[in-house]
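# Architecture at a glance
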Amino acid sequence: MRGLASICQWSLTALREKPVKIDRIARHGRYVVFQLAEVGCRASCSPRSCAGSSACEAHLCGGLTRAGHGAAGAEGEPCAGYQQEVREQPDARPVDQSFAEEQHLGCRPSPIWGMSASISSAAHRYGEPQHMPSIANLALLSAAILLSLGLGEVALRAFTPFPIHGGEANRVFDPDLGYRLSSRLAEIDSDGFRNSSGGGAWTVAAIGDSHTYGYHVTADQAWPKALGRLIDRDVYNFGMGSYGIFTYYALLRRAIDQRFDAVIVGLYYPNDFFPSSSHCSIDFSSPFWVQARWELALDPPKCETPYVEPDLLIWAKDNVATLSAMDYFLWDHIRTAIWHVLPASYRNEKEFCLSAQANMCIEKERVASHAKATDLGDPRIASMLDNFRLMMGDAASRAREAGVKLGILMIPSRERIVYEWRLRENVLQDEGEFEAKVRRQVVFEDVLKQQFRALEVPVESALDELVAAFDEAMAAGDVFFKPYGGHPFEPGYMAYTRAAAALASQMMDAGQPER
């Protein structure tokens, strides 16, 4: 590296002896970084230290005086102007004095200061680093990031089931059911359902939606498999997310034709009757449905929203494997963390928080949607209920003829469980918005039970078991439901299992009377 005297001498020479000032000399690796501007070159001098050095006296001490910045201080003391500039620019790191002394400079230099206008030739000569990344560096970094993401996307698609969301992801079209799952998914058999490959001697069939499939628990923790362990039977899981009453009927027909000993329908009635979702993927022009509609005089309601154009974020999450994996593994944790730092006023606009306990906070949108799907005053819901009565009557008749026992497991919503728990704890408030919406589900339950009794189909509600399990979770301070969702964790699925076992006992022991 060049010495301070060389820098000052070079600068004056390059600028035709024009006085310059050097701004911010600092060490940066093996470089001395500095900028030049039109002022002068300062130093801390004394007659003794400058004696015998014409360069020092001419360019440093003399220049200092001629530039009008004050005389040199006493020996060993910096000039007054330098002290002032250090206070104004505390971030400048001076070069060691010994560095210049090693270059045999006659006077001891003080740190040099100056303005920000740079002279690029000197800066480049002494290796000034670039404070902003160059366009080439940014392009290289961007290319590396894109390449890494691309390789990750390819690997996820090749070796994992991601992306797992979206209308088409990992689904196999079935004209009668709407869809099944791809058998390349873990735990999915060749028929597209959540069962071990090869299977066993299946004697009991479980039909339902995501609560039967077992969202957020393992296949062994889902109630069909757990029920099999309790009753010592092999239970086949026909559960699938977003299935509804029309799909249930098609599966009932298949299970009866395959001569299962018993079939249990896990009816999640808060949304199984919603006319704008569960049956939208079914092809009602298929031979099965053409015949069924003619024989039973079915009138499936028009699918009002068979497809909603997703926004960019939803589309990306559903179709990009990397984002799908992040959503699956991280989003709930991120969302929970963000939600807890939001103002309470904002959260209260989005949730019914009936107490400070996490189990007691339920999304208002969820409660409103379930209230809408169980509104008997809505002609569409009434039509869905009529269709279900016709299909269940036909399935019950066919089951009896085939010697297959049929039962209904009624699965309540999260808000219905909370409502019942508060009712039994005598903390239910006067009829408010939350209570009024949940009351629709209570009325809907009673109507369904009356239909099943009229058809002489055994029915069991999981409500009592769920309320008991929920009470235990509240007492222990445990989280019972998945955040921002309606599915419970394992204790909830064990409650489903106990209720299903009670139903199975009723079906197996008492049987179903001949019609």
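Each remark here, short or long, concerns the structure printed above.
Below is a short write-up of the structure.

Reading guide: rules and limits
- Residues numbered from 1 in each chain as written.
- Predicted model: local features only at pLDDT ≥ 70, side-chain atom pairs only at ≥ 80, totals over all residues.
- Heavy atoms only, no water.
- Helix = DSSP H or I, 4+ residues; strand = E, 2+ residues; numbered from the N terminus.
- Buried < 20%, exposed > 50% of the residue type's maximum accessible area, 1.4 Å probe, protein only.
- Contact = heavy atoms within 4.5 Å.
- Areas by Shrake-Rupley, 256 points an atom, 1.4 Å probe, with all protein chains shown as cover.
- Expected span 1.5 Å × (residues − 1).
- Polar contact = N/O pair within 3.5 Å; in protein donor to acceptor, adjacent residues only side chain to side chain.
- Pairing = 2+ DSSP bridges.
- Phe/Tyr/Trp six-rings, centres within 6.5 Å; stacked < 30°, edge-to-face > 60°.
- Lys NZ or Arg CZ within 6 Å of the ring centre and 35° of its normal.
- Core = buried A, V, L, I, M, F, W, Y, C linked by side-chain atoms within 4.5 Å.
- Disulfide = S-S within 2.5 Å.
- Axes fitted to C-alpha atoms, helices over the stretch in contact; angles between N-to-C directions.
- Parallel < 35°, antiparallel > 145°, perpendicular 65-115°, else oblique.
- Nonpolar A, V, L, I, M, F, W, Y, C, P; charged D, E, K, R; others polar.

What follows deals with the overall build of the chain. When its secondary structure is counted, the chain shows 21 helices and 11 strands. The buried share of the chain, reckoned over its 515 residues, is 46%. Expressed as a percentage of contacts within the chain between residues at least 6 apart in sequence, the contacts between residues at least 24 apart total 73%. Per element, the accessible surface of the chain, about 25800 Å² overall, is 54% carbon and sulfur.

What follows is about helix α10 (residues 245-257). For α10, built from 13 residues, the straight-helix expectation of 18 Å at 1.5 Å per residue is met to within 8% by its first-to-last C-alpha distance of 18 Å. Of all 13 residues in α10, 11 are buried, a share of seventy percent or more. Every buried residue belonging to α10 is among I245, F246, T247, Y248, Y249, A250, L251, L252, R253, A255 and I256, and all of these are buried. On the buried face of α10, the contacting elements are β5 (202-208), β7 (262-267), α11 (269-272), α12 (287-296), α17 (379-402) and β10 (405-410). Looking one or two residues beyond α10, the residue adopting positive phi is R259, at roughly 60°.

Mapping H487 onto the fold places it in the loop between α20 (463-476) and α21 (490-510). Under the relative-accessibility criterion, H487 is labelled buried at 13%. Among the polar contacts listed, one links the side chain of H487 to the side chain of S210, at a separation of 2.6 Å. Setting aside chain neighbours within four positions, we find H487 in contact with S210, H211, Y215, H216, F481, K482 and Y493.

Attention now goes to the pairing of strand β3 (residues 171-174). Where β3 meets strand β4 (residues 178-181), four bridges bridge the pair, whose relative direction is antiparallel. Residue pairing for β4: F173 is matched across the bridge by Y179.

Summed over the entire model, instances satisfying the criterion amount to 22 aromatic pairs. Between F470 and F480, the aromatic rings sit 5.7 Å apart at their centres with planes inclined by 90°, giving edge-to-face as the arrangement. Of this pair, F470 sits in helix α20 while F480 sits in the loop between α20 and α21, and the two are 10 residues apart along the sequence. Each of the two residues, F470 as well as F480, counts as buried. Three or more aromatic residues joined by ring pairs form one cluster here, namely F193, W202, Y236, F238 and F260. Here R194 stacks its cationic end above the ring of Y213, 4.6 Å away from the centre of that ring.

Okay, the nonpolar core next. Generally speaking, nonpolar side chains in soluble globular proteins are found buried as a group. Counting residues in each nonpolar core, the largest one holds 54 residues, and the members touching the most others are L267, F273, W289 and L448. The set of elements that each furnish at least two residues to this core consists of β4, β5, α10, β7, α12, α17, β10 and α19 (433-454). Here L267 is in contact with I245, Y248, D272, F273, F388, I408, L409, M410, I411, L448 and F452, once residues within four sequence places are set aside. In terms of nonpolar packing, the next biggest core, distinct from the first, is built from 41 residues, V204, V367, Y419 and V467 among them.

The term disulfide refers to a covalent linkage connecting the sulfur atoms of a pair of cysteines. The final tally for this structure, using the stated rule, is one disulfide. At a sulfur-sulfur separation of 2.3 Å, the disulfide partner of C353 is C361. For the disulfide bridge between C353 and C361, the dihedral angle about the S-S bond is near 120°, and by the sign convention the bridge is right-handed. C361 gets classed as buried once you look at its relative accessible area, which sits at 15%.

Moving on, we get to the packing of helix α18 (residues 414-424) against α20. Orientation of α18 relative to α20, taken along the N-to-C sense of each, is 75°, at an axis distance of 9 Å. The pairing of α18 with α20 is recorded here as roughly perpendicular in orientation. Contacts between α18 and α20 pair R416, I417, V418, E420, W421 and R424 from the former with L463, D464, L466, V467, F470, D471 and M474 from the latter. Split into classes, the residues belonging to the contact of α18 with α20 amount to eight nonpolar, no polar and five charged.

With that settled, the discussion passes to the packing of α18 against α19. Closest axis-to-axis distance for the α18/α19 pair is 10 Å, and the angle between their directions is 100°. On the basis of the axis angle, α18 is roughly perpendicular to α19. Side by side, α18 and α19 meet where E415, R416, V418, Y419 and R422 of the first sit next to F434, E435, V438, R439, Q441, V442 and E445 of the second. Here the residues of the contact of α18 with α19 sort into five nonpolar, one polar and six charged.

Quick look at the environment of A201 now. Counting through the fold element by element, A201 comes out in the loop between β4 and β5. Judged by relative accessible area, A201 falls into the exposed class, the value being 53%. Along the primary structure A201 and F260 are separated by 59 residues, whereas in three dimensions their C-alpha atoms are 9.8 Å apart.

Below, the discussion takes up the sheet that holds β10. Here we have five strands laid out as an open sheet, ordered β6-β5-β7-β10-β11, and parallel in their pairing. What marks the edges here is a single partner per strand, and that holds for β6 (234-237) and β11 (459-461). Direction aside, the axes of adjacent strands within the sheet are offset by 25° on average. With respect to the sheet, α17 is in contact with β7 and β10, its orientation differing from that of β10 by roughly 145°.

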